[in-house]
Each structure stands twice: as C-alpha cells, then as structure tokens.
Amino acid sequence: MSHTPRRQFGTLAPALVTPFLPDGTIDLDSAARLAKKLVDDGCDTILLSGTTGESPTTHQPEKNALTEAVKDAVGDRAFILAGAGSNDTAHAVRIAEGAQAHGADGLLVVAPYYNRPSQAGLRAHVLAIAEATDLPIMLYDIPGRTGLAFSDDTLDLLAEHPRISAVKDATGNVEQGVERIHRTGLEYYSGDDGLNFAWMTGGASGFISVVAHVAGAKYREMIDLLDADRVWEARELSYSLRPLVNAIMGGGQGAVMAKHAVHLQGLIDSPTVRLPLVPASEDEIARLRAVMADLDLL
C-alpha cells in the first residue's frame, strides 16, 4: 500500500537555468524550449528565478518576462514556482507581485542573505512577502549560502500562515527535517540532489533539482518507484545517478554545469553565464560529457 504525502507544489521540479545569448541578454526561446522538454520528461513543476536561474544577476523585468514565457510554453502541464528572493524585503515584495501578475502559481522565498537579520526579522520578511500576493509559498532554508537558518520556533510560527505550506530544505540535515515534517505539517522538498533518495524515504513530498535538467525522466522513475513502495529498485536507480550528481554539483558550480549539460544536449543555444559566474573549464566539461554519455543522456 502506498502512503504518499501532500504535494501542493508537485513532486519533481528542475531549478531552471536562465539561458542567455552570447551577448548576455536573456534567451526566452531557449527557456521555453527547455521547460517544455523537462515537462515531457516528467517534471510537474518548474522553478524559475532561483539561485540556479542566476536570480542575483537577473532583473525584475527579465524575471517577469521569463515567468510569462515559460507559463505560455507549458500551460497547465506544470506548476510554475517563482523565486521571490532578496535581502531587501521591499524588493522581494515587488518580485513576488510581478511573479503573480505574470502567471506564477507559487513563490519560493529564501531567507535574507548577507545582512543576517534576527529570527524576528526573518519572520517579518517572510510574512511581508506572504501578504503581498495570493500565492502559496515555499520557504527555502539554505543556511550555507544565506548565513541564516530557519529556527524551529520560526517554522512553527510561519506554518500557521494559510499560504505558507512547504519548505525546500538544503540544510543537509535530513533527521531534523523529518522531525519538522511531522511537527509542523509543512510539505518538505529536498534541495540537495545527493540527498533526494534519503529525503523521499524520510517523508518528503518531492525534490527541487539541478540534476533534473538532464535526469528528469530518471528522477520521475525514481519517484514513481518510491510511490509504489519499490524502495530497493529506487535505491539502485538513485545510486546509478551518483556520477552525474557529482559531475554537476561536486566539482564545478551547479548553475554553470547545468547550463553546460543542457547545451551539450542542444536544448539551449549558449551556456553563457553572467559574472560573477564564469564558464566551466575544459576538464569539467569533458568530465560532464563522459558521464552523460555513459548514462545515455547525449
């Protein structure tokens, strides 16, 4: 008998790269093409303007245009989750309002980075964004990048808000997350590709993935196996993807490597990134190409 969790935000979401043309301008055609391919592969959610989408170096008119283009491309076939992250609350509110106006179905709200407010400030930041739109909200807990973790007390308080219903967890602490799933009732999503299997067997609803750019169909199979209680088969499938996870997330920068991966597949026209990100080295690309070839992904 299968016991699946609630899944307001779907089960499998690539944290979509934001394609750029060689001159650095946004490439909406490539973004739409990539999103359609990923939905065809079994992704039921698309995350736009997350960290992998180079959200720190894309501007609000571009974010709005990207949301609209991808929404037009996939229609109702996928849930459109839009990042509304900033360490300036007023700016995050404007991003959230723009996302709703241009077709997003939900928002991903990361803790404010660098200025490191108190937990009271973190709660006030999130609640200001939550009150700015009618969209459901997934919190993003990634203290390794933000320097600010969500405390238990903060999560307990935010879970009471009617539109705050999920967490993307990139803390690396699955044990803590399992306890929080049971205590808060929030849906949890793995934010670390290396821990996707562990999170799912611990009760997560799904995962938000960088590696799904090229392994979407395999991750869809893994989720379906777990939903059917075929845990050992899912474990072996997960293990078979370790070289790909390491090639994309282990050595280089995830957003950079994901762009190179889908460029190798011909899904985007250029792997261009914006500074301070720089392209991968020839060795990194060669390693990635070899792993993708071994897995029949080219």
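Figured I'd write up the structure that's included with this text. Along each chain, numbering runs from 1 in the same order as the chain's sequence is written. The model is predicted, so local features are restricted to residues of pLDDT at least 70 and side-chain atom pairs to those at 80 or more, both for listing and for counting; the totals for chains, interfaces and linings are taken over all residues. In computing side-chain values, all of the structure's heavy atoms are included and hydrogens and water are not.

**Let's talk about the pairing of strand S4 (residues 106-110)**
Both faces of the sheet carry side chains from a regular strand, because those side chains alternate between them.
Inference 1: When a residue's accessible area, from a 1.4 Å probe over protein chains only, is under 20% of the maximum for its type it is buried; when over 50% it is exposed; and in between it is partly exposed. A run of H or I in DSSP becomes a helix once it reaches four residues, and a run of E becomes a strand once it reaches two; helices and strands are each numbered from the N terminus. Counting buried residues along S4, five of its five residues qualify, which places the element largely inside the surrounding structure.
Inference 2: Burial along S4 is two-sided: the residues Gly106, Leu108 and Val110 and Leu107 and Val109 are all buried.
Inference 3: Sheet topology places strand S3 (residues 79-83) next to S4; three bridges connect them, and they run parallel. Paired with Leu81 across the two strands is Gly106, which belongs to S4.
Inference 4: For the segment spanning S3, helix H3 (residues 89-101) and S4, crossover handedness is right-handed.
Inference 5: Pairing between two strands is assigned when DSSP locates at least 2 bridges connecting them. For S4 and strand S5 (residues 137-141), the ladder comprises four bridges, and the chain directions are parallel. Counted as the bridge partner of Leu108 is Met138 from S5.
Inference 6: Looking down the strands as they point away from the viewer, one classifies a crossover as right-handed if the path from the first strand across the helix to the second runs clockwise. The β-α-β motif built from S4, the intervening helix H4 (residues 119-130) and the parallel element S5 has right-handed crossover chirality.

**Quick word on the nonpolar core**
Inference 1: In this description, a nonpolar core means a group of buried Ala, Val, Leu, Ile, Met, Phe, Trp, Tyr and Cys residues linked to one another through side-chain atoms lying within 4.5 Å. Residues Ile46, Val70, Leu107, Leu139, Tyr219 and Leu244 are the most contacted members of the largest nonpolar core, which totals 83 residues.
Inference 2: Counting residues per element, this core draws most heavily on helix H9 (residues 212-227), which supplies eight residues.
Inference 3: In contact with Leu139, other than residues within four places in its own chain, are Leu108, Val109, Val126, Phe150, Leu155, Leu158, Ile164, Ala166, Val167 and Lys168.
Inference 4: Membership of the second largest hydrophobic core comes to 15 residues, among which are Ala13, Tyr140, Ala170 and Ile208. Contact between two residues is taken to exist if any of their heavy atoms lie within 4.5 Å; hydrogens are not considered.

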